[in-house]
Amino acid sequence: MSEPKTESKLERLLNEGRFVVTGEIGPPKHAGGDGIKHHVELLKNHVDAMNLTDNQTAIVRLSSIAAAAHVLAAGGEPVIQMTVRDRNRIALQSDLLGAYSLGVRNVLCLSGDHQSFGNHPTAKNVYDIDSIQLVQTVKGLRDEKKFLCGEEIKEHEPRFFIGAVANPFGDPFAYRVLRLEKKVNAGADFIQTQAIFDMDRFEKFMAMVRERGLHKRVKILAGVMPLKSVGAARYMQKSVSGMIVPDPIIDRMKGAGDPKAEGVEICVEQIKHLQTIEGVAGVHIMAVMWEDIIPTIVEKAGLYPRPK
Amino acid sequence: MVADFEPKIVAFCCYYCAYSAADLAGSLRLQYPSNIRLVEMPCSGKIDVRVILEAFEGGADGVYVAGCLEGDCHFLKGNIRARKRIGYVKKLLDEIGIGGERVEMFNLSAAMGPRFAEIAAEMTERIRRLGPSPLNKAYKKEPASSTAG
Amino acid sequence: MIIAEGKPIAEVAELIKDAKKVLMVGCGGCVTVCLAGGEKETGILASALRMLRQQQDNPLETVEVTLTRQCDPEYVEMLDKYVTDDIDCIVSLACGVGVQFLAERYPKWVVPALNTKFAGGTVKHGQWEERCGLCGECILYRTGGICPIIRCSKSILNGPCGGSQNGKCEVSPETDCAWQLIYDRMQALGKLDMLLEIQPVKDWSKARDGGPRRVVREDVMIS
Ligand code: SF4
Ligand code: SF4
């Protein structure tokens, strides 16, 4: 067990060697916080931390940091997602300071979906720095107590537990593990992966990760996504870039009498399988627009109750 | 439609095919409308968008370019280029309200005298149906005044 | 070269609707090569505008001149004799630079007839593609000669992002993922290890920033 770098509960549990479970809440497309609070109540005993997405698919939503404040108020552990699409280095660092002051201890750094996918396709994107450089920046704020420009932070430096994403299903496949290594070198403490459907490819990915010893340097949470219908499965297969959904999964969803139950069943099987892979430190359950199902999945996977 | 409207049509004809076909039509004594002005070109691919526009500005109601059969161009691809340029002019004429239908590309060989006459008739018929070019106000105003009167 | 594209004719017509006589100025530089604003295109646009106006019973008179380059005062000066009092408006078929050079020289209403698109080249006859984002500090030596600033949809310096699949960018199946290209090329050159280095954040102050950028060469200045 290593010295904790932060006050993050997620870090503590991972350091204790627990198989952690994180969930995801998509903030609403309006200014009400009640829905978030409701989801926190529903999830907080079943997951160790919850991600708040940052204007996911470039659709304007309540900000992830404000959503995290609601999570904290309701007694949950938030992970704010932070994309480099909409903010430059000044705004990113400012928001990191703000989020930390509110009690947020985990941040997940990512590129973000291109604005052409969202509801403001004519927007100008920012991309001042990239996701790996953001990881470096958050680490610099914490470990060197310095802003990106090199200026010292006199007091109250933000001490985040730093997350990054990895997509074992993107191309070029051979480079994916090397890029993960870059993220670890940049300072990532934990990784959440893209939703896994192609278990074979993920196994290959993890073998390469172990070969380079990366699983010893970073905590990898494997992403899973329960499917609601065969339509959803097909959509993931065809229209979401950087996703691979093998045909047997489509067939299972197609053959199912109760697709939702089948989706849950597949997801539970995946989680059980992932627990057996060396180097997987936990799972990240992304139930987009279906957050309520997370407790069922966690219980069925035998991961309930959660440690305190 | 204007009753006594005689369309003015300019035909840009490739020397290797259409222009010779016109000769042949003449020697065969085939009838074709007399309102067609023939312009000889070394190749239909020589056609310049500006020249077509000039024809319209100069009072033409319709323009066509006649080149060799596709695959038979003396300069290999001149007629293919001409076809693409005609496509461009059609769009442009649509954009400025003159109408892309007033311009066309035809392909024929030197031996096709009867086809030459047919094309001339076809184009004349088309332009007659479309009426005078919007630039040729003399015709355009007549029907308006006759309804008023 | 700078790649530009003609504005829709109706849009240009609207810009000059109050003018009776316009000076239409083509440019013999980049826009001639990319077939957007050379002598020929100037002639076509002038003819189209005249025909449009003739139909509106509001005839337009045009004077057409094509300069060697509109981005150089020594050529722009040659326009002086055409910029007479009766010219109501100047239509420039150059890139945005040319339009501004004309506007700086003449106290006339100057309008652009083109949309200036990007710095690029001809990939095949009739097709041009962007290659450089004019960032002010070229890093092509780190990326195997492929520009991540402009060819990656997210200007990622440590790519590719998670959206890269089958060589294509997440943004469109027609767009190659710049980072796949970079990876392939670095691999072919035996320089993959260079991609393991974390590229530092970029100094954007060298790019679009703080008013017009300037390049100065004292040694070639005349006075
Ligand atoms: S790195 Fe900068 S200067 Fe070099 S090609 Fe790309 S945008 Fe242009
Ligand atoms: S898919 Fe490739 S080109 Fe597109 S944004 Fe990602 S890294 Fe850049």
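Along every chain, residues carry numbers that run from 1 in the direction the sequence is written. In the order they appear in the text, chains get letters beginning with A and ligands get numbers beginning with 1. Residue-level local features of this predicted model are given only where pLDDT is at least 70; pairs of side-chain atoms are given and counted only at 80 or more, and the full residue set underlies all totals for whole chains, interfaces and linings. Only hydrogens and water are set aside; all other atoms, that is, all heavy atoms of the structure, feed into the side-chain values.

Notes on the site of ligand 2
Moving on, step 1. Residues are counted as near a molecule or strand when any one of their heavy atoms sits within 4 Å of it. As a matter of local geometry, ligand 2 sits amid Cys-152, Ser-153, Lys-154, Pro-160, Cys-161, Gly-163, Ser-164, Cys-169, Glu-170, Cys-177, Ala-178 and Trp-179 of chain C.
Moving on, step 2. Gly is placed with the polar residues, together with every amino acid not listed as nonpolar (Ala, Val, Leu, Ile, Met, Phe, Trp, Tyr, Cys and Pro) or charged (Asp, Glu, Lys and Arg). Its residues assigned to classes, the shell around ligand 2 shows seven nonpolar, three polar and two charged.

Focus: the interface of chain C and chain B
Moving on, step 1. The partner chain B presents 16 residues to the 15 residues of chain C that form the contact.
Moving on, step 2. Buried area: the sum, over both parts, of the accessible surface (1.4 Å probe) that disappears when the two are put together. Each partner contributes to the roughly 1,400 Å² buried at the junction of chain C and chain B, and carbon and sulfur atoms together form 59% of this total.
Moving on, step 3. A per-residue breakdown of the area chain C buries against chain B is headed by Ile-44, Met-51 and Gln-55 of chain C, which together make up 44% of the total.
Moving on, step 4. The salt bridge criterion pairs a side-chain nitrogen of Lys or Arg with a carboxyl oxygen of Asp or Glu, the two atoms within 4 Å. The tally of links from chain C across to chain B stands at one salt bridge.
Moving on, step 5. Whenever a nitrogen or oxygen atom comes within 3.5 Å of another N or O atom, the pair is scored as a polar contact, on the condition that within protein one atom can donate a hydrogen and the other can accept it, and that pairs from neighbouring residues in sequence are kept only if both atoms are in side chains. Here chain C is connected to chain B by five residue pairs in polar contact (both at pLDDT 80 or more).
Moving on, step 6. A run of DSSP states H or I qualifies as a helix once it reaches four residues; a run of E qualifies as a strand once it reaches two. Both are numbered from the N-terminal end. Contributing elements (two or more residues each) for the side of chain C that touches chain B: helix 1 (9-15) and helix 3 (39-55) of chain C. In what follows, a contact means two residues having at least one pair of non-hydrogen atoms within 4.5 Å.

A word on the domain arrangement of chain C
Moving on, step 1. Here the domain parsing of chain C yields domain 1 (2-118) and domain 2 (133-206).
Moving on, step 2. Boundaries between domains were set according to an automatic or database domain assignment. Between the C-alpha centres of domain 1 of chain C and domain 2 of chain C there is a distance of 38 Å.

Examining the site of ligand 1
Moving on, step 1. What surrounds ligand 1 is the set Cys-132, Gly-133, Leu-134, Cys-135, Cys-138, Ile-139, Leu-140, Cys-147 and Ile-149 of chain C.
Moving on, step 2. Partitioned by chemical class, the residues of the shell around ligand 1 number eight nonpolar, one polar and no charged.

Some details on the sheet that holds strand 4 (residues 103-107) of chain B
Two modes of strand pairing occur in sheets, parallel and antiparallel, and in both the strands are linked by backbone hydrogen bonds.
Residues and elements named next belong to chain B.
Moving on, step 1. Read from one edge of the open sheet, four strands run 2-1-3-4, paired in parallel fashion. Lying at the two open borders of the sheet, with one neighbouring strand each, are strand 2 (36-41) and strand 4. The mean angle between the axes of side-by-side strands here comes to 20 degrees, regardless of whether they run parallel or antiparallel.
Moving on, step 2. Of the pairings in the sheet, the one linking strand 1 (residues 9-14) to strand 2 comprises six bridges and is parallel in character. Along strand 2, the bridge assignment pairs Cys-14 with Met-41.
Moving on, step 3. Here the axes come from fitting lines to C-alpha atoms, over the contacting stretch only for helices, and the angles between their N-to-C directions go from 0 to 180 degrees. Docked against the sheet, helix 2 (residues 49-57) engages strand 1, strand 3 (62-67) and strand 4, running at close to 145 degrees with respect to strand 3.
Moving on, step 4. Strand contacts of helix 4 (residues 113-130): strand 1, strand 2, strand 3 and strand 4, with the helix running at about 165 degrees to strand 4, the strand carrying the most contacts. Any two strands between which DSSP finds at least two bridges are classified as paired.

Examining the pairing of strand 1 of chain B
Residues and elements named next belong to chain B.
Moving on, step 1. Counting buried positions along strand 1 yields six of six residues, so the element is predominantly enclosed.
Moving on, step 2. Each residue gets one of three labels from its accessible area relative to the maximum for its type: buried under 20%, exposed over 50%, partly exposed in between, using a 1.4 Å probe on protein chains only. Side chains of strand 1 alternate between two faces, with Ile-9, Ala-11 and Cys-13 and Val-10, Phe-12 and Cys-14 buried alike.
Moving on, step 3. Relative to strand 3, strand 1 is paired through five bridges, and the arrangement is parallel. From the neighbouring strand, Ile-9 faces strand 3, where its bridge partner is Gly-62.
Moving on, step 4. A crossover gets the label right-handed when its path from the first strand over the helix to the second runs clockwise, viewed with the strands pointing away from the viewer. Taken together, strand 1, helix 1 (residues 18-27) and strand 2 form a β-α-β motif whose crossover is right-handed.

Comments concerning the nonpolar core
Moving on, step 1. What we call a nonpolar core is a set of buried Ala, Val, Leu, Ile, Met, Phe, Trp, Tyr and Cys residues that are connected through their side-chain atoms within 4.5 Å. Counting 72 residues, the largest nonpolar core has Leu-180, Phe-202, Ile-271, Leu-274 and Ile-285 of chain A as its most contacted members.
Moving on, step 2. Residues contacting Leu-274 of chain A, with those up to four places away along its chain left out, are Ile-196, Met-199, Phe-202, Ala-222, Val-224, Val-280 and Val-283 of chain A.

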